[in-house]
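Secondary and tertiary structure notes
Residues per chain, in single letters:
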Amino acid sequence: MLIVQKYGGTSVANAERIKSVAERVSKAAKQGNKVVVVVSAMAGETDKLISLAHQISSNPKEREMDLLLSSGERVTSALTAMAVEELGHKAMALTGRQMGIVTDTVHTKAKIEKITGERAKKALDSGYVVVVAGFQGITESEDVTTLGRGGSDLSAVAIASALDADMCEIYTDVDGVYTADPRIVPEAKKMDKISYEEMLELASLGSKVLQTRSVEFAMKYNVPVVVRSSFNDNPGTLVTKEDEDMEHVVVSGVAHDLNQAKITVMGVPDRPGIAAKLFRGIADANIGVDMIVQNISSDGKATDISFTVPKTDSKKALKLTQDIAKELEARGVDLREDIAKISVVGVGMRTHSGVAAQIFDTLAKHGVNIMAISTSEIKVSCLIEAKYTELAVRVLHDSFELEKAA
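So, here is what we can say about the structure in this document. (Residues numbered from 1 in each chain as written. Predicted model: local features only at pLDDT ≥ 70, side-chain atom pairs only at ≥ 80, totals over all residues. Heavy atoms only, no water.)

Brief notes about a nonpolar patch on the surface
A contiguous nonpolar surface patch, about 260 Å² in accessible area, is contributed by V75, L79 and M82. When you line up the elements, M82 lands in helix α3 (residues 62-86). Under the relative-accessibility criterion, M82 is labelled exposed at 52%. (Patch = residues over 30% accessible without salt bridge, like charges linked within 9 Å, V, L, I, M, F, W, Y side chains within 5 Å. Areas by Shrake-Rupley, 256 points an atom, 1.4 Å probe, with all protein chains shown as cover. Salt bridge = Lys/Arg side-chain N within 4 Å of Asp/Glu carboxyl O. Helix = DSSP H or I, 4+ residues; strand = E, 2+ residues; numbered from the N terminus. Buried < 20%, exposed > 50% of the residue type's maximum accessible area, 1.4 Å probe, protein only.)

Let's talk about the packing of aromatic side chains
As enumerated under the stated definition, the model contains three aromatic pairs in all. Where F217 meets Y221, the ring centres are 4.7 Å apart and the plane angle is 40 degrees; that geometry is what we call tilted. Residue F217 and its partner Y221 are both found in helix α8 (residues 212-221); the two are separated by four residues, about one turn of the helix. (Phe/Tyr/Trp six-rings, centres within 6.5 Å; stacked < 30°, edge-to-face > 60°.)

Considerations on unusual backbone geometry
Here the phi dihedral of N222 falls at roughly 55 degrees; this positive angle occurs in a residue that is not glycine. By secondary structure assignment, the location of N222 is in the loop between α8 and β11 (225-229). N222 gets classed as partly exposed once you look at its relative accessible area, which sits at 39%. Look at E329: it is not a glycine, yet its phi comes out positive at around 60 degrees. Tracing the backbone shows E329 in the loop between α11 (314-328) and β17 (332-336).

Points about the side chain of T321
Following the sequence through the fold, T321 ends up in helix α11. Look at T321 and you get buried, because its relative accessible area is 0%. Residues in contact with T321, not counting those within four places in the same chain, are I263, V265, L278, I282, F307 and V333. (Contact = heavy atoms within 4.5 Å.)

A few points about the pattern of salt bridges
As enumerated under the stated definition, the model contains 24 salt bridges in all. For K34, the salt bridge is made with D125, and the minimal N-O distance between the two is 2.9 Å. Pair noted here: K34 is in strand β2 (residues 34-39) and D125 is in helix α5 (residues 118-125), with a separation of 91 residues, a long-range link. Using a relative accessible area of 37% as the deciding quantity, one classes K34 as partly exposed. Given the relative accessible area of 58%, D125 is considered exposed.

Some remarks on the packing of helix α1 (residues 15-30) against α3
Helix-helix packing is described using two parameters, namely the angle between the two axes and the distance between the axes. Packing of α1 against α3 leaves a shortest axis separation of 9 Å and a crossing angle of 55 degrees. As far as their axial angle goes, α3 and α1 are oblique. For the pair α1 and α3, the sense of crossing is right-handed. Residues I18, K19, V21, A22 and V25 of α1 pack against L79, T80, A83 and V84 of α3. Looking at side-chain class alone, the contact of α1 with α3 contains seven nonpolar, one polar and one charged residues. (Axes fitted to C-alpha atoms, helices over the stretch in contact; angles between N-to-C directions. Parallel < 35°, antiparallel > 145°, perpendicular 65-115°, else oblique. Left-handed = near helix turned anticlockwise from the far one by under 90°. Nonpolar A, V, L, I, M, F, W, Y, C, P; charged D, E, K, R; others polar.)

Okay, here's the thing in structure tokens:
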């Protein structure tokens with residue numbers, strides 16, 4: 001078998017943990033598998049580099065930031081290859097460039113366009129364990145790029161697809177995907193398997209187990225992914241295609257996201273093209289917008305438009321929105337960051353009614369006010385005040401009896 005294993009920052013946080021990773025890799029190789037290892041930077045390293053950059057410049061160029069931040073994974077890949085060699089295997093560390101990961105030119109959150117992987121294939125055929133620096137690639141013009149927070153997950157899934165691997169194992173500090181955050185809900189259960197669609201919703205809704213884009217890639221190219229802990233040998237959670245068993249479970253999990261900010265444009269003229277102009281400006285700045293709520297004006301003259309963006313982009317989005325609001329002759333712009341998004345997810349919601357009503361009833365019963373709502377076939381999300389986050393997660397988990405999940 002060809003296995004791609006990805007290890008996150010906590011799994012490679014220091015020399016001892018890197019040695020433990022090498023032992024796990026060695027075990028897989030001794031079983032006759034070809035192994036590709038994708039590693040993140042050591043825990044805290046990326047934040048340290050970002051801090052250093054901001055000590056030098058208040059607004060560092062994104063091109064240089066990518067070059068700087070890619071160094072963290074390069075350090076880990078070299079050290080991991082050394083550790084694997086110490087256990088008697090041939091090992092080769094490769095950068096994203098050497099792996100042949102070609103991306104577009106959007107610095108700090110580049111998209112992968114292709115992976116050649118020729119050097120890795122030759123190394124695997126020659127009996128090497130290949131260790132790849134995650135989170136990075138290179139443009140056609142040979143500028144280093146990074147793939148955004150959690151980008152090593154995307155590197156691993158994309159490499160697994162490019163090499164036609166039999167399995168992509170994501171090793172992290174949790175031993176699978178849970179029905180809710182166990183730190184908030186001690187009764188939360190680990191799921192044996194979950195559909196790509198459910199995992200995609202949970203990832204995009206605040207679950208930090210997998211990067212959203214990595215799940216999209218896995219779903220698009222049908223890459224089987226297992227989420228496991230690097231600290232024990234417990235079976236993990238398989239992320240795979242939806243099957244009939246999954247539809248019998250109405251709700252699979254409750255997710256929460258505190259990385260949300262709400263921007264409201266007040267007193268916007270109620271005429272065609274206003275929303276298009278506002279959100280085109282936000283999109284051109286590569287800022288993702290999630291929930292959008294527009295109040296219907298009673299007099300046909302002015303309305304309010306509210307939308308949410310990642311908190312990390314809130315200041316940038318606020319400035320852009322203020323500039324656009326002046327052009328639109330809006331009354332003003334308000335930013336609110338003390339909010340959270342609570343989401344209930346499950347493929348079974350397609351064939352079961354009443355889920356939304358149960359969510360709203362449960363939150364109302366516990367005095368939690370809902371500011372905005374968004375839905376899809378398999379999820380309902382509510383925007384609430386951040387101070388009610390843990391309460392909302394617990395009562396919804398209890399309401400849907402997820403502690404009884406298999």
